[in-house]
Amino acid sequence: MKEIQDFLKEFQKEMNWEIPDGKYNESRTALLNNYMLLTTEVSEVAEEFRAVFNKTAKIAKENEVSEEEAFRLSKECHQENIGKELADCIAYIVKFANYFEIDLEDSIYKKMHEVKHRVNKDQE
Ligand SMILES: [Mg+2]
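- Going by the annotation in an unreviewed UniProt entry, the name recorded for the protein chain is NTP pyrophosphohydrolase MazG putative catalytic core domain-containing protein, with Halalkalibacter suaedae given as the source organism.

1. Details of the nonpolar core
- Counting 9 residues, the largest nonpolar core consists of Ile19, Ala30, Leu31, Leu38, Val45, Cys89, Tyr92, Phe96 and Tyr99.
- Among the secondary structure elements, those contributing two or more residues to this core are helix H2 (24–63) and helix H3 (67–99).

2. Quick notes on the environment of Ser27
- In this structure, Ser27 sits in helix H2.
- Classification of Ser27 by relative accessible area gives buried; the value is 6%.
- Residues Ser27 and Ser107 lie 80 residues apart in sequence; the distance between their C-alpha atoms is 23 Å.
- Setting aside its immediate chain neighbours within four residues, Ser27 contacts Ile19, Pro20, Asp21, Gly22 and Tyr99.

3. Topic: the coordination of the magnesium ion
- Within the protein, Glu41 (OE), Glu44 (OE), Glu85 (OE) and Asp88 (OD) serve as the donor atoms for the magnesium ion, at 2.0 to 2.2 Å.
- A relative accessible area of 24% places Glu44 in the partly exposed class.

4. Focus: helix H1 (residues 2–14)
- A rise of 1.5 Å per residue sets the reference length of H1, with its 13 residues, at 18 Å; its end C-alpha atoms lie 18 Å apart and thus fit the reference within 8%.
- For H1, the complete set of buried residues consists of Gln5, Leu8 and Gln12. Looking down the long axis of H1, one finds its buried residues gathered within 70° of arc, a one-sided arrangement. Across H1 from its buried face, at more than 90 degrees, point the exposed residues Lys2, Glu3, Phe7 and Glu14.
- In this structure, the buried residues of H1 make contact with H3 and helix H4 (104–117).
- Positive backbone phi, at 60°, marks Asn16, one or two positions downstream of H1.

5. Quick word on unusual backbone geometry
- Despite not being glycine, Asn16 has its phi angle at roughly 60°, a positive value.
- Mapping Asn16 onto the fold places it in the loop between H1 and H2.
- One non-glycine residue, Glu64, lies in the positive phi region at around 50°.
- Looking at the element boundaries, Glu64 is found in the loop between H2 and H3.
- Residue class for Glu64 comes out exposed when judged on its relative accessible area of 77%.

Conventions and cut-offs
Residues numbered from 1 in each chain as written. Predicted model: local features only at pLDDT ≥ 70, side-chain atom pairs only at ≥ 80, totals over all residues. Heavy atoms only, no water. Core = buried A, V, L, I, M, F, W, Y, C linked by side-chain atoms within 4.5 Å. Buried < 20%, exposed > 50% of the residue type's maximum accessible area, 1.4 Å probe, protein only. Helix = DSSP H or I, 4+ residues; strand = E, 2+ residues; numbered from the N terminus. Contact = heavy atoms within 4.5 Å. Donors = N, O, S within 2.8 Å, 3.2 Å for Na, K, Ca; no water. Expected span 1.5 Å × (residues − 1). Arc of directions from axis to C-beta.

Structure, rendered in structure tokens:
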């Protein structure tokens, strides 16, 4: 994860896509713009999922195969694009982590530990 954070830090510098860290209003505007871009990318993941489901129905209907087989074929067709959209999402998430000087690997382990050990209030 550290490698990815370092890579994206350099990439964003090279592309001149960094979140400025000087004047409050400039940082605030850049953070909000990047947040909007992240939500757009999350929507693009949903669009890919929708395309997978639509293609599953089409394949199943046109080829007389089971839905499971059609789903497998459809996932295969969209695998690359889903990967691209997930990468876009991660790039923005890492950008925020880098801006706030967060070690994402450490955060992920700590958060998942917390999730694993928290008491589910619905079951109390
Ligand atoms: Mg995208």
